[in-house]
Amino acid sequence: MSDWMRLFKNKPPTTEEEDDASQRGVNKASKGGIIYGDYLQLDKIVSAQVLQSELKGNKIHDEHLFIVTHQAYELWFKQILFELDSVREIFISGHVRDERNMLKVNNRIHRIVMIFRLLVDQFAVLETMTALDFFDFREYLAPASGFQSLQFRVLENKIGVPDNQRVPYNRRHYRDNFKGRDSEMLLATEREPTLLKLVEEWLERTPGLEADGFNFWERLEINIFDGLNQEMEKIEKMPDSEEKEEMMAEVVKQKELFTSLFDEKRHDHLVSKGERRLSYKALQGALMIYFYREEPRFQVPFQLLTSLMDIDTLMTKWRYNHVCMVHRMIGSKAGTGGSSGYHYLRSTVSDRYKVFVDLFNLATFLVPRHWVPKLNPNVHTFLYMAECCDSSYCSSEDSD
């Protein structure tokens, strides 16, 4: 036998399993330490679905879906609050003055947006249950009600839903439906700086608003009224016609709109009525970011303002989907917690619950680009010189 054949004969046979690269890992869990179920405390989570219908001796299948879906909502509310608190802390601590931290703020706000998208879509799962399926176990829920979701009420408070804009719950203050520590927590969150208030203070510091600097607001006012006057002069030269009258009426209407915009007392009056939420200075900052969103320093702030509007939009969609689902499930019956049900929920789908409504209304004040005050990069260097503070940026308090 040749040496080559002897070598081949003595070589141990290979198996397909030995050659499988996907099987070359090492099972570290067998050596001890925390494992998946323990890390996530799944024993608590998966055993938390207690069917009231089953306890009453009449187990209804779809109650399990109802419980899991609402527990999932509450877990996501917890994550939203976790992200929101971290963002608020960055603003409260002053770390937001270091503009490098704005990327962190944007990321976390965007994460909240994505969670809300998921929550809006989650209704589709719950709607696989029919009205009759829900009716089978609804009697076991009373007096429990979605209105009693403490986390959602805390979320509304921390974002900035105004107390005086809330729809009363059975003619009572919403907090009256919570007792003890829950009521105390809600009262405490009402007294904390809201995301709206913190964003307002940040907008008031928008570079370029300074009267002794670029003075954006005064320049914008001059340019807009110069532009409107030029439009009126052009229209006046046109031959008399119905079209001329309509065009002139539109310009007059625009003049009235912008006269209101540049009237600080008028603005403050609208704030007192709840029709505007931001301060006059903050509105100026928001509009400046809106107009100069393509400039390097304003790109990230513009993305933040867009995400804040996304949160408002998605919360409105969430409320609307909830209204539609309740109407579909119980019609015009009273809610399990004692509210008027569908009719109460429908009243909450309005601008009174929109926190950043002023950002939506910025589009009302759009003007032709050539009316926007021109910037000279060689003179107006604030567009390229962001505030930085190493101690703030590297602070261990917000290193998470």
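Here's what I pulled together on the structure shown here. Everything quoted here is computed from the prediction, not taken from an experiment.

Conventions we followed
- Residues numbered from 1 in each chain as written.
- Predicted model: local features only at pLDDT ≥ 70, side-chain atom pairs only at ≥ 80, totals over all residues.
- Heavy atoms only, no water.
- Phe/Tyr/Trp six-rings, centres within 6.5 Å; stacked < 30°, edge-to-face > 60°.
- Helix = DSSP H or I, 4+ residues; strand = E, 2+ residues; numbered from the N terminus.
- Buried < 20%, exposed > 50% of the residue type's maximum accessible area, 1.4 Å probe, protein only.
- Lys NZ or Arg CZ within 6 Å of the ring centre and 35° of its normal.
- Expected span 1.5 Å × (residues − 1).
- Axes fitted to C-alpha atoms, helices over the stretch in contact; angles between N-to-C directions.
- Left-handed = near helix turned anticlockwise from the far one by under 90°.
- Contact = heavy atoms within 4.5 Å.
- Nonpolar A, V, L, I, M, F, W, Y, C, P; charged D, E, K, R; others polar.
- 1 Å grid on protein atoms, 1.4 Å probe; cavity = no way out; pocket = protein on both sides within 12 Å on 5 of 7 lines; lining within 4 Å.
- Points joined across faces, edges and corners; volume = space filled by probe spheres on them.
- Patch = residues over 30% accessible without salt bridge, like charges linked within 9 Å, V, L, I, M, F, W, Y side chains within 5 Å.
- Areas by Shrake-Rupley, 256 points an atom, 1.4 Å probe, with all protein chains shown as cover.
- Salt bridge = Lys/Arg side-chain N within 4 Å of Asp/Glu carboxyl O.

### Here's the deal with the packing of aromatic side chains
- This model, assessed by the stated rule, comprises 20 aromatic pairs.
- Where Tyr73 meets Phe77, the ring centres are 6.3 Å apart and the plane angle is 25°; that geometry is what we call stacked. Taken together, the residues Tyr73 and Phe77, both in helix H5 (residues 62-92) and four residues apart, mark about one turn of the helix.
- With relative accessibility at 3%, the residue Phe77 sits in the buried group.
- Seen from their ring centres, Phe225 and Phe262 are 6.1 Å apart, and the 55° between their planes marks the pair as tilted. Pair noted here: Phe225 is in helix H11 (residues 216-236) and Phe262 is in the loop between helix H12 (242-261) and helix H13 (264-272), with a separation of 37 residues, a long-range link.
- Classification of Phe262 as buried rests on a relative accessible area of 11%.
- Three or more aromatic residues joined by ring pairs make a cluster, and in this case those are Phe214, Phe216, Trp217, Phe225, Phe262, Tyr280, Phe291 and Tyr292.
- Sitting over the face of the ring of Tyr174, Arg166 holds its NZ or CZ atom 4.0 Å from the ring centroid.
- Sitting over the ring of Phe360, Lys354 keeps its end group 4.2 Å from the ring centre.

### Looking at helix H15 (residues 296-330)
- Here H15 is 35 residues long and its end C-alpha atoms lie 52 Å apart, about the 51 Å a rise of 1.5 Å per residue gives.
- Just downstream of H15, Gly331 is the residue with a positive phi angle, here 65°.

### Points about the packing of H5 against helix H10 (residues 195-204)
- Put simply, H5 and H10 touch, their axes get as near as 10 Å, and they point 35° apart. The interaxial crossing formed by H5 with H10 has left-handed handedness. In contact with Leu84, Val87, Arg88, Phe91 and Ile92 of H5, H10 contributes Leu195, Leu198, Val199 and Trp202.
- Taken together, the residues of the contact of H5 with H10 break down into eight nonpolar, no polar and one charged.

### Examining H12
- Under the 1.5 Å per step criterion, the end-to-end length of H12 is 29 Å for 20 residues, consistent within 8% with the ideal 28 Å.
- Along H12, the residues that are buried comprise Lys244, Met248, Val251, Phe258, Ser260 and Leu261.

### Things to note about the layout of surface pockets
- The space that makes up the largest pocket amounts to roughly 1100 Å³.
- Lining the largest pocket are 44 residues; nearest its centre among them are Phe66, His70, Ser145, Gly146 and Phe147.
- In terms of residues, the lining of the largest pocket owes the most to one element, H5, which gives eight residues.
- When the residues that make up the lining of the largest pocket are grouped by side-chain class, the tally is 24 nonpolar, 13 polar and seven charged.

### Notes on empty space enclosed by the protein
- For the structure on display, the rule yields one cavity of 30 Å³ or more.
- Lining the largest cavity, in full, are Val161, Asp312, Met315, Thr316, Arg319, Tyr353 and Lys354.

### A look at a nonpolar patch on the surface
- Taken together, the side chains of Ile34, Tyr36, Tyr39 and Leu40 make up a nonpolar region of the molecular surface, amounting to roughly 510 Å² of accessible area.
- Along the chain, Tyr36 falls in helix H2 (residues 36-39).
- The exposure class assigned to Tyr36 is exposed, which follows from its relative accessible area of 61%.

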